[in-house]
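Here's the letter readout for the chains.
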Amino acid sequence: MAQAVPAVQKWWNGGKSPFNVEYGKIMMWYFLMSDAFTFGAFLISYGTIRFATNSWPDPNHVFNSFPGLGAGYPLLFVSLMTFILIISSVTMVLAVQAGQDMDRKRVAKYLVFTILGGLAFLSCQAWEWTHLYHEGAWWGHNPFPNHNGSVATTNFSNFFFTITGFHGFHVFSGVIINIIMLIMTLQGKFDQRGHYLMIEKAGLYWHFVDLVWVFVFTCFYLI
């Protein structure tokens, strides 16, 4: 038989509850999990097509241009993009840490750096897309031959523009979120609340975007 439990009895008596997490942060984790499934579906689809094909365009040939320097610099520009995004993740960490210290000036400073990093990444991606477009690459068009010299299908360009565009949209969304967080910080909203939990939630989203780029970078530029 089921035993009645007094209303005053506590189920957890081991100190701080492991589930004592703020509601908004849990919801952010749920959102990131669902978003991870979406990116995972895209990348698994890409991988399935990629390795089911006998040959594929060589990334060292496709991504070998650098602004102002011309061609002949394989993967140099995308390496710069990756470095920018990683540095922006570091400044986001510093913003979260400053929020935990209730230091409004430091929070604002590092949010500005993070926003600039995001804008720099988006600018680099815009240049890359424009350059590829002028070379004839777009959805439904792939001017780059396969590694073995055979004619390539449009799968490469279709997946590339879809997945990097989807990721770029997330970076753009993260920049907008961080701008809103910066405005609220400068207005002293978080000091009035007595915490900077919103900065932590924005940080979770930004780190997720950075982590996804590692997989995108690996799949399209290295493999």
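Residues numbered from 1 in each chain as written. Predicted model: local features only at pLDDT ≥ 70, side-chain atom pairs only at ≥ 80, totals over all residues. Heavy atoms only, no water.

- In the nomenclature of an unreviewed UniProt entry, the protein corresponds to Cytochrome c oxidase subunit 3 from the organism Pinibacter aurantiacus.
- Its UniProt record gives the protein the following Subcellular location (unreviewed entry) comment, quoted word for word: "Cell membrane". (UniProt positions renumbered as here; feature names shortened; annotations may be inferred.)

**Let's talk about the layout of surface pockets**
Logical step 1: Looking at the largest pocket, its volume works out to about 200 Å³.
Logical step 2: In terms of lining residues, the largest pocket is bounded by 13 residues, among which Leu32, Ala36, Phe208, Leu211 and Val212 are the most central.
Logical step 3: Elements represented by at least two residues in the lining of the largest pocket include exactly helix 1 (23-52) and helix 7 (197-222).
Logical step 4: For the lining of the largest pocket, the element with the highest residue contribution is helix 1, accounting for 7 residues.
Logical step 5: Grouping the constituent residues of the lining of the largest pocket by class yields 11 nonpolar, 2 polar and no charged. (1 Å grid on protein atoms, 1.4 Å probe; cavity = no way out; pocket = protein on both sides within 12 Å on 5 of 7 lines; lining within 4 Å. Points joined across faces, edges and corners; volume = space filled by probe spheres on them. Helix = DSSP H or I, 4+ residues; strand = E, 2+ residues; numbered from the N terminus. Nonpolar A, V, L, I, M, F, W, Y, C, P; charged D, E, K, R; others polar.)

**Topic: helix 1**
Logical step 1: Counted at 1.5 Å a residue, the expected span for helix 1 with its 30 residues is 44 Å, and the 43 Å between its end C-alpha atoms agrees.
Logical step 2: Residues of helix 1 that are buried: Gly24, Lys25, Met28, Leu32, Asp35, Phe39, Leu43, Tyr46, Gly47 and Arg50. (Expected span 1.5 Å × (residues − 1). Buried < 20%, exposed > 50% of the residue type's maximum accessible area, 1.4 Å probe, protein only.)

**Details of the packing of helix 4 (residues 104-134) against helix 5 (residues 155-186)**
In a pair of packed helices, the angle between the axes and the distance between the axes together describe the arrangement.
Logical step 1: Two numbers describe how helix 4 lies on helix 5: the axes approach to 9 Å, and their chain directions differ by 155°. Taken together, the axes of helix 4 and helix 5 lie roughly antiparallel to each other. The crossing of helix 4 and helix 5 is left-handed. (Axes fitted to C-alpha atoms, helices over the stretch in contact; angles between N-to-C directions. Parallel < 35°, antiparallel > 145°, perpendicular 65-115°, else oblique. Left-handed = near helix turned anticlockwise from the far one by under 90°.)

**A closer look at unusual backbone geometry**
Logical step 1: Backbone geometry places Leu75, a non-glycine residue, at a positive phi of 65°.
Logical step 2: Here Leu75 is to be found in the loop between strand 2 (70-71) and helix 3 (76-100).
Logical step 3: The class of Leu75 is buried, set by a relative accessible area of 14%.
Logical step 4: Unusually for a residue other than glycine, Met102 sits at a positive phi of about 60°.
Logical step 5: For Met102, a relative accessible area of 37% gives the class partly exposed.

**Focus: the environment of Thr185**
Logical step 1: In this fold, Thr185 is placed in helix 5.
Logical step 2: Residue class for Thr185 comes out buried when judged on its relative accessible area of 1%.
Logical step 3: Spatially, the C-alpha atom of Thr185 lies 38 Å from that of Leu75, the residues being 110 residues apart in sequence.
Logical step 4: With sequence-adjacent residues up to four places away left out, Thr185 is seen in contact with Arg104, Val107, Ala108, Leu111, Phe190, Tyr196 and Ile199. (Contact = heavy atoms within 4.5 Å.)

**With respect to the UniProt feature "transmembrane region" (unreviewed entry) in the protein**
Logical step 1: With numbering matched to this structure, UniProt assigns "transmembrane region" (unreviewed entry) to residues 29-52, 72-95, 107-129, 159-183 and 204-222.
Logical step 2: For residues 72-95, the helix share is 83%, the strand share is 0%, and the end-to-end C-alpha distance is 38 Å.
Logical step 3: Taken end to end, residues 107-129 is 100% helix and 0% strand, and its two terminal C-alpha atoms sit 33 Å from one another.

**Some thoughts on the side chain of Gln125**
Logical step 1: When you line up the elements, Gln125 lands in helix 4.
Logical step 2: In contact with Gln125, other than residues within four places in its own chain, are Met81, Thr164 and Gly168.

**A few points about the pattern of salt bridges**
Logical step 1: If you walk through the whole model with that rule in mind, you get 4 salt bridges.
Logical step 2: Asp101 serves as the salt-bridge partner of Arg106, at 3.5 Å between the closest nitrogen and oxygen.
Logical step 3: Judged by relative accessible area, Arg106 falls into the partly exposed class, the value being 27%.
Logical step 4: On the basis of relative accessible area, Asp101 is assigned to the partly exposed category, the value being 48%.
Logical step 5: Between Arg104 and Asp191 there is a salt bridge, with the nearest N and O atoms lying 3.5 Å from each other. Placement of Arg104 in helix 4 and of Asp191 in helix 6 (residues 189-193) is noted, with a sequence separation of 87 residues between them.
Logical step 6: A residue is classified by how much of its surface remains accessible, and Asp191, at 32% relative accessible area, is partly exposed.
Logical step 7: A cluster of three or more residues bridged by salt bridges with shared partners is formed by Asp101, Asp103 and Arg106. (Salt bridge = Lys/Arg side-chain N within 4 Å of Asp/Glu carboxyl O.)

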